[in-house]
Amino acid sequence: MAQRYVRVQSQSGQLHYGLLQSDRSVQVLDAPPWLQGELTDAVLEADTYQLLAPCAPSKIIAVGKNYAKHAAEMGGDVPQEPLLFMKPSTAVVSTAASILYPPQSQRVDYEGELALIIGEHCLDCDADMARDKIWGYTIANDVTARDLQARDRQWIRAKGFDSFCPLGPWIVRELNPEARIQTYLNEKPDPVQVGEISDMVFQPEVLVAYISQVMTLLPGDVVLTGTPEGVGPLAIGDRVRIEIEGIGSLENDVQPRPVPTQLLSTEAMESEG
């Protein structure tokens, strides 16, 4: 089994990077692994930590319409060059966390994706250089408020809500370029999305090189590589699971986003007035 790099929070509240062992214990690293973190003697037993998203990126750069069949289902052509957008770091949540359905939207979609973890400072790289900047791989769900995306005609609000970037459960260093990506809803046996990493229009090293011509990618940053065809709506109470061969599975439920108490109080006063 490939080594699985995790980020966890201990019962004392400390954050750690580490290696997940077969018995679910975690051997602690003294720094993030892409910053040359070394194994220590410390071990967290399976019931003494909470699994977090496997990194805390300064930014998340995502790519739209990077699978030809998905571009077609969205009613557009394949872009001539990578179509970039950003998600805020505050959108990141871990596996088993809830996707929070915002009251502003009536249509929230799942989008299962391969995520790249950048390991080194990356600026103005070509594809060969960029390949060496990719430290590892994990799974992402590029959750999207589809109706807001169409209404706004740009994507920052539709893609940027808190909890709209589930990430995890861990990072692996190597991945079969033919690995299959599949998305399942509510434990149904048939996937709603099926694709292979090799189906990408622009391969990972090409994406990283292209992005690096625009902005500096920092260690721990995340690049989302696009979703296969089969995107569709989520409803409150749903469970969505994304699997990538050689990595594992990322699973989240969908819950309503809580209305802030202050807002509820304001609405009550307005109704009374």
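Data block above holds the structure.
A few points on the structure. (Residues numbered from 1 in each chain as written. Predicted model: local features only at pLDDT ≥ 70, side-chain atom pairs only at ≥ 80, totals over all residues. Heavy atoms only, no water.)

Okay, the sheet that holds strand β9 (residues 98-101) next. Pairing is mixed in the open sheet, where five strands are placed in the order β9-β20-β19-β15-β16. Two strands close off the open sheet at either side, each with one partner strand: β9 and β16 (193-196). Geometrically, the sheet is characterised by an average inter-axis angle of 20 degrees between neighbouring strands, direction not taken into account. Sheet topology note: the β9/strand β20 (residues 248-256) ladder contains four bridges and is parallel. Its bridge partner lying in β20, Tyr101 is registered against Pro256. (Pairing = 2+ DSSP bridges. Helix = DSSP H or I, 4+ residues; strand = E, 2+ residues; numbered from the N terminus. Axes fitted to C-alpha atoms, helices over the stretch in contact; angles between N-to-C directions.)

With that settled, consider the pairing of β16. Because side chains alternate across β16, one face comprises the buried residues Gln193 and Gly195, and the other comprises Val194 and Glu196, none of which is buried. Pairing of strand β15 (residues 180-185) with β16 involves four bridges; the strand directions are antiparallel. Bridging across to β16, Gln182 finds its partner in Val194. (Buried < 20%, exposed > 50% of the residue type's maximum accessible area, 1.4 Å probe, protein only.)

On to the pattern of salt bridges, then. As enumerated under the stated definition, the model contains 14 salt bridges in all. Across the salt bridge formed by Lys159 and Glu111, the nearest N and O atoms sit 3.6 Å from each other. Residue Lys159 is located in helix α4 (residues 156-160), and its partner Glu111 is located in the loop between β10 (108-110) and β11 (112-118); the two are separated by 48 residues in the primary sequence. A relative accessible area of 2% means that Lys159 is categorised as buried. A salt bridge links Arg241 to Glu187; the nearest nitrogen and oxygen atoms lie 3.4 Å apart. Taken as a pair, Arg241 in strand β19 (residues 239-244) and Glu187 in the loop between β15 and β16 lie far apart in primary sequence, 54 residues in all. Taking relative accessible area as the criterion, Arg241 reaches 15% and is therefore assigned buried. Several salt bridges share partner residues, and in doing so they unite Lys87, Arg107, Asp109, Glu111, Asp142, Arg146 and Lys159 into one network. (Salt bridge = Lys/Arg side-chain N within 4 Å of Asp/Glu carboxyl O.)

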